Amino acid sequence: MERFDVAVIGGGPAGAAAARAAAVNGASAVVLERGVPRADRPGQLGPDSTDAAGILDYWVDIMDIDPEEFPDDVILDELDQATFIGPTESLTLESTGIDSSYDNFGFCMHRARFDDFLRERAEDAGATYRVGTAVRDVETSANQITATDGGVAADVSHATNAGPRHTIQLADNTNIGASVVILADGPQRQVTNRVLDTYLSFDVTDRLSTRDANHIAYQEHRELPAAVAEEVSRSILFWWGHMPGHTAYPWIFPNDGNIARIGLTMPIGLTLDEVSDPDSYPLLNADDEQLPRGSEYIERLLEQEYGDRYDIPEDFPLVESRGKDNGTETYAISSTRPIDSPAEAGILVVGGAMGTTSAFHEGGDHTAMRTGAIAGEVAATGELESYNDRWKDAIGDEILRNVAMADIVREYEPDDWDWAFKTAQSLLDDSAGYGIFDINNLTAGIGAARLLTRYKRTKFRYRNDRYVQIRESEYVV
């Protein structure tokens, strides 16, 4: 049986960052990636690499990696702004309002190429990859403890030849031993939930069931007419209040040339019967007997926005060489509050598996990479007990802001989105982006006071790490 100091389950941004950090800090590290075929990664298996693939300016600093290191084909379009479109009102932000080392508003990137770059970066640091076989099970010996041996996390029993602390069983009937396991298998948590269930007095799916803890996203890669491509270039667009569901919205993310990702995110399992006022949503039709599928929502969005000028199927064709499968991809997005890890058991959870994502679930590559890097470092140095505090120190402000904003809009309907955009617009004269929530001297009226007061109260409710939904103290190790 092969043995490593650190075994990372999952090869996305969190897993790659964890493996690199572990290797840089002197540990032997292996990444175990099931591997999926993708049209945009021909002839090679790798991580699923599915999300809208947009990065805001201050996310670059959270990721803690300089985009100057990226290969030339990773960044597809630089961004100057984000536009939020309600049924009748809209809001355009030209700044996030958060200090950043990155000069522009952000960028859109090719996620599969980004993941491949992160793998190469980890391998260059000394990490090993095993791609093409799934993890079947993880067995842990509760009587074995992790200690520090020369600065590298080492299993005490391993040192006495009694066997590794963790044994990872692979689908190809081989086993890998490790002192520390880092769970980076993304929001579907196919391995994470099984492992964590061992250490909890309740069923882990009570809080992390895929149906309740995730959204589903669907996107298409389409070629736009030249005039439309020019309109959306350097801007990400979101349509709020156009389809039902908590933080459910379609988007357009510009890519290279005239190609864009057009997609949406929505809760899993929502039914038309649960929608209180279907007629108020522009993307629902009076004769709908059920909520539309993702592809139908996109078709309706394009007809709504551009149908008066173009023949949508002909003028907005799918780019079948992009994405996961014939220009399309469907994927889960974590839409829950984050969790602590049972660090005392030598197990750390990172990225989407731990529930780190952005405020409205359009992606979490930045928090994934940061939590992964922290986990890899503490695993290598034997400082596992510091992990839960360190990830909060690094991304706690981001998570608190995201959780508060998602809570505020939980019951929003189309009129509420119009009100919010109109109100936020009135505040932009005094600040920018998230900075509008820090304004103290209000001159924009009662509506602004109401919006800001609710935001601050919601943040206060989640203060002192109350946004964590499974705390370290709840694990039985």
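The shown structure was predicted, so the numbers you read here are calculated from the model rather than taken from an experiment.

### Considering the overall build of the chain
For the chain, the helix and strand inventory stands at 14 helices and 21 strands. Relative to the 2.2 N^0.38 estimate, which gives 23 Å for 477 residues, the radius of gyration of the chain is 23 Å and therefore close to what a compact globule would have. The dimensions of the chain, computed from C-alpha atoms along their principal axes, are 75 × 50 × 45 Å. Classification of the 477 residues of the chain by burial places 58% in the buried group. Here the contacts in the chain between residues at least 6 apart in sequence split such that 72% fall between residues at least 24 apart. Seen as two clouds, the 40 positive and the 82 negative side-chain charges of the chain have centres 5 Å apart.

### Looking at the environment of Pro313
For Pro313, the location among the structural elements is in helix H10 (residues 312-315). It is 24 Å that separates the C-alpha atoms of Pro313 and Tyr331, two residues lying 18 residues apart in sequence.

### Describing the sheet that holds strand S19 (residues 259-267)
Strands belonging to one sheet form pairs held by backbone hydrogen bonds; the direction of such a pair is parallel or antiparallel. Judged by pairing direction, the sheet is mixed, and its seven strands sit side by side in the order S8-S7-S17-S18-S19-S16-S20 without closing on themselves. Because the sheet does not close on itself, it has two edges, and the strands there are strand S8 (90-93) and strand S20 (328-334). Within the sheet, the average angular offset between the axes of one strand and its neighbour, ignoring direction, is 20°.

### Some thoughts on the nonpolar core
Residues Ile168 and Ile182 are the most contacted members of the largest nonpolar core, which totals 119 residues. The biggest single contributor to this core is helix H12 (residues 387-408), with nine residues. Lining this core are residues from two domains, each supplying at least three of them: domain 1 (2-77 + 105-210 + 337-402 + 469-474) and domain 2 (214-333). Listed in part, the 29 residues of the second largest apolar core include Val228, Val232, Met266 and Leu301.

### Section: the packing of aromatic side chains
This model, assessed by the stated rule, comprises 19 aromatic pairs. Consider the rings of Phe84 and Phe238, whose centres lie 5.3 Å apart with planes at 15°: the pair is stacked. Remark: Phe238 occurs in strand S17 (residues 235-239) and Phe84 occurs in strand S7 (residues 81-85); sequence separation between them is 154 residues. Grouping residues by exposure puts Phe84 and Phe238 together as buried. Taken together, the ring pairs connect Phe84, Phe238, Trp240, Tyr249, Trp251, Phe253, Tyr412, Trp417 and Phe421 into an aromatic cluster. Over the ring of Trp419 we find Arg450; its NZ or CZ atom is 4.2 Å from the centre of that ring. Here Arg463 stacks its cationic end above the ring of Phe460, 3.7 Å away from the centre of that ring.

### Topic: empty space enclosed by the protein
Scanning all chains against the criterion turns up two cavities of 30 Å³ or more. Put simply, the second largest cavity is a space of about 50 Å³. Along its surface, the second largest cavity is lined by Trp240, Gly241, Met243, Pro244, Gly245, Ala248, Tyr281, Tyr412, Glu413, Pro414 and Trp417. Residues that form the lining of the second largest cavity fall into these classes: eight nonpolar, two polar and one charged.

### As for the sheet that holds strand S6 (residues 75-79)
Pairing is antiparallel across the open sheet formed by three strands, whose spatial order is S5-S9-S6. The open sheet has two free edges, formed respectively by strand S5 (54-56) and S6, since each of these has just one partner strand. Across this sheet, the average inter-strand angle for adjacent strands is 20°, counted without regard to direction. Across four bridges, S6 lies against strand S9 (residues 106-109) in antiparallel orientation.

### Notes on the domain arrangement of the chain
Taken domain by domain, the chain holds domain 1 (2-77 + 105-210 + 337-402 + 469-474) and domain 2 (214-333). Spacing between the C-alpha centres of domain 1 and domain 2 amounts to 31 Å. Residue-level contacts link 28 residues of domain 1 with 26 residues of domain 2. Approximately 2,100 Å² of surface area, both sides summed, lies buried where domain 1 meets domain 2, with 55% of it carried by carbon and sulfur atoms. The interface formed by domain 1 and domain 2 contains two salt bridges. Across the pair Glu329 and Arg38 runs a salt bridge whose closest N-O atoms are separated by 2.8 Å.

### Notes on helix H14 (residues 446-461)
Because an α-helix completes one turn every 3.6 residues, residues spaced three or four positions apart along the sequence face the same direction. Its 16 residues place the ends of H14 22 Å apart at the C-alpha level, agreeing with the 22 Å of an ideal helix rising 1.5 Å per residue. If you check which residues of H14 are buried, you get Ala448, Leu451, Leu452, Tyr455 and Thr458. When H14 is viewed along its axis, its buried side chains cluster within an angular range of 130° and face the same direction. Exposed side chains of H14 directed beyond 90 degrees from the buried face belong to Ile446, Arg450, Arg457 and Phe460. The inward-facing, buried residues of H14 abut H12 and helix H13 (414-427).

### Some remarks on the pattern of salt bridges
Within the structure shown, the criterion is met by 25 salt bridges. One salt bridge connects Arg322 with Asp256, and the closest N-O pair in it is separated by 2.9 Å. Residue Arg322 is found in the loop between H10 and S20, and its partner Asp256 is found in the loop between strand S18 (249-254) and S19; the two are separated by 66 residues along the sequence. Here Arg322 falls in the buried class, since its relative accessible area comes to 13%. For Asp256, a relative accessible area of 26% translates into the label partly exposed. Ionic pairing is found between Glu296 and Arg300, a salt bridge with its closest N-O pair at 2.9 Å. Of the two residues, Glu296 and Arg300 are both situated in helix H9 (residues 294-306); the distance of four residues between them amounts to about one turn of the helix. Overlapping salt bridges bring together Arg38, Asp40, Arg261 and Glu329 as one network.

About the cut-offs
- Residues numbered from 1 in each chain as written.
- Predicted model: local features only at pLDDT ≥ 70, side-chain atom pairs only at ≥ 80, totals over all residues.
- Heavy atoms only, no water.
- Helix = DSSP H or I, 4+ residues; strand = E, 2+ residues; numbered from the N terminus.
- Rg over C-alpha atoms; globule rule 2.2 N^0.38 Å.
- Buried < 20%, exposed > 50% of the residue type's maximum accessible area, 1.4 Å probe, protein only.
- Contact = heavy atoms within 4.5 Å.
- Lys, Arg positive; Asp, Glu negative; His and termini not counted.
- Charge placed at Lys NZ, Arg CZ, Asp CG, Glu CD.
- Pairing = 2+ DSSP bridges.
- Axes fitted to C-alpha atoms, helices over the stretch in contact; angles between N-to-C directions.
- Core = buried A, V, L, I, M, F, W, Y, C linked by side-chain atoms within 4.5 Å.
- Domains from an automatic or database assignment.
- Phe/Tyr/Trp six-rings, centres within 6.5 Å; stacked < 30°, edge-to-face > 60°.
- Lys NZ or Arg CZ within 6 Å of the ring centre and 35° of its normal.
- 1 Å grid on protein atoms, 1.4 Å probe; cavity = no way out; pocket = protein on both sides within 12 Å on 5 of 7 lines; lining within 4 Å.
- Points joined across faces, edges and corners; volume = space filled by probe spheres on them.
- Nonpolar A, V, L, I, M, F, W, Y, C, P; charged D, E, K, R; others polar.
- Buried area = accessible area lost by both parts, 1.4 Å probe.
- Salt bridge = Lys/Arg side-chain N within 4 Å of Asp/Glu carboxyl O.
- Expected span 1.5 Å × (residues − 1).
- Arc of directions from axis to C-beta.

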